[in-house]
Amino acid sequence: MKNDDPAIPIRRNDVHHIRGIDYHFQRHGDIVGIISQLPYLRRLGIGCICLSSVFPGMGYGDGGVTEYCSVDPCLGSMADMEDLVDKAHVAGMHVVLEI
């Protein structure tokens with residue numbers, strides 16, 4: 001978990017199944033945090049990372065996506081997402097975005 005900026009709103013349902021999760025819902029993980037865990041995921045033999053609810057919207061999992069061509073700013077930027085995809089591919093992993 002890399003996103004520790006207190007200015008970013010906390011959303012109760014932000015649960016990400018990756019090491020570094022905050023089970024007390026005080027902060028949420030972000031794309032930079034996933035990038036930092038790529039070597040660990042590769043050692044586990046993970047070949048694909050499926051990300052859900054990465055698009056901006058009205059809330060986690062409610063289907064209220066407002067923009068499919070950008071990343072929720074609470075999770076990072078498009079540059080972060082491009083970095084994740086590039087580094088995952090170098091590590092031999094795929095990245096799937098659930099819509």
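Quick notes on the rules
Residues numbered from 1 in each chain as written. Predicted model: local features only at pLDDT ≥ 70, side-chain atom pairs only at ≥ 80, totals over all residues. Heavy atoms only, no water. Helix = DSSP H or I, 4+ residues; strand = E, 2+ residues; numbered from the N terminus. Buried < 20%, exposed > 50% of the residue type's maximum accessible area, 1.4 Å probe, protein only. Contact = heavy atoms within 4.5 Å. Areas by Shrake-Rupley, 256 points an atom, 1.4 Å probe, with all protein chains shown as cover. Pairing = 2+ DSSP bridges. Salt bridge = Lys/Arg side-chain N within 4 Å of Asp/Glu carboxyl O.

(A) The arrangement of the overall build of the chain in detail. Counting its regular elements, the chain contains 3 helices and 2 strands. What you see in the chain, going N to C, is helices and strands ordered as α-α-β-α-β. Residues classed as buried in the chain amount to 32% of the 99 residues present. The contacts of the chain with a sequence gap of at least 6 include a subset with a gap of at least 24, amounting to 54%. Total accessible area on the chain is roughly 6100 Å²; 56% of this is exposed by carbon and sulfur atoms.

(B) Highlighting the environment of Ile-46. Along the chain, the position of Ile-46 falls in the loop between α2 (38-43) and β1 (48-52). C-alpha of Ile-46 to C-alpha of Met-93: the two residues are 47 residues apart in sequence and 7.1 Å apart in space. Excluding anything up to four places from it in sequence, Ile-46 contacts Leu-41 and Met-93.

(C) Looking closely at the pairing of β1. Alternating residues of β1 divide into Ile-49 and Leu-51, all buried, and Cys-48, Cys-50 and Ser-52, none buried. Two strands pair when backbone bridges link them, and β1 and strand β2 (residues 94-98) are joined in this way by 5 bridges, in the parallel orientation. Residue pairing in the sheet places Ser-52 in a bridge with Glu-98 of β2.

(D) Main features of the pattern of salt bridges. Inspection of every chain in the model, using the stated rule, returns 1 salt bridge. Here Asp-83 makes a salt bridge to Lys-87, at a shortest N to O gap of 3.3 Å. With a gap of 4 residues between them, Asp-83 and Lys-87 both fall in helix α3 (residues 78-90), about one helical turn apart.

That's the geometry; what it means functionally is another story.
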